[in-house]
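Results of the structural survey
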Amino acid sequence: MKALIQTVSRASVTVDDEVVGKIEDGLLVLLGVTHTDTPAIAGTMARKVHELRILDDERSAAGANAPLLVVSQFTLYGDARKGRRPTWSAAAPAEVAEPLVTAFVEALRARGATVETGRFRTHMLVESVNVGPRTVLLELEA
């Protein structure tokens, strides 16, 4: 599982002209799932993201009570080492990824986090205003 985390002053996801997720002063989390990921990995990733000390004064989202916007992002597993057209073969298919993204979000909420989400299997417009900018890529493997 990969998570690209960015500090944002605001971020939103729009689907079909409807804002389906929106936060201010928090973390935008782009989450990619691979074939070997499990609910346990999703739970560990949620803890790491929530406790990541990336906000001002080395605070975490947990410590600052900052909201998170989680957007599924299979393209984090894109591989363009050969040629110019990426392959997505390392990304889990939607039937595998969607329950694990849900498990990640539920694990964050179980920790007390305020979480907004995108909408799985839709064309999303993701807007964000980065702060810092600060961006971290976390990767966990089975």
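Here Thr34 lies in the loop between strand S2 (18-32) and helix H1 (39-51). Given a relative accessible area of 14%, Thr34 falls into the buried group. Here Ala90 takes part through its backbone oxygen, which lies 2.5 Å from a polar atom of the side chain of Thr34.

This part takes up the sheet that holds strand S5 (residues 125-139). Judged by pairing direction, the sheet is mixed, and its five strands sit side by side in the order S4-S3-S2-S1-S5 without closing on themselves. Single-partner strands in this sheet number two, and they are strand S4 (115-117) and S5. Across the sheet, the mean angle from the axis of one strand to that of its neighbour is 35 degrees, orientation sign disregarded. Relative to S4, strand S3 (residues 68-72) runs parallel, the two being bridged by three bridges. Bridging across to S4, Leu69 finds its partner in Glu116.

What counts as what
- Residues numbered from 1 in each chain as written.
- Predicted model: local features only at pLDDT ≥ 70, side-chain atom pairs only at ≥ 80, totals over all residues.
- Heavy atoms only, no water.
- Helix = DSSP H or I, 4+ residues; strand = E, 2+ residues; numbered from the N terminus.
- Buried < 20%, exposed > 50% of the residue type's maximum accessible area, 1.4 Å probe, protein only.
- Polar contact = N/O pair within 3.5 Å; in protein donor to acceptor, adjacent residues only side chain to side chain.
- Pairing = 2+ DSSP bridges.
- Axes fitted to C-alpha atoms, helices over the stretch in contact; angles between N-to-C directions.

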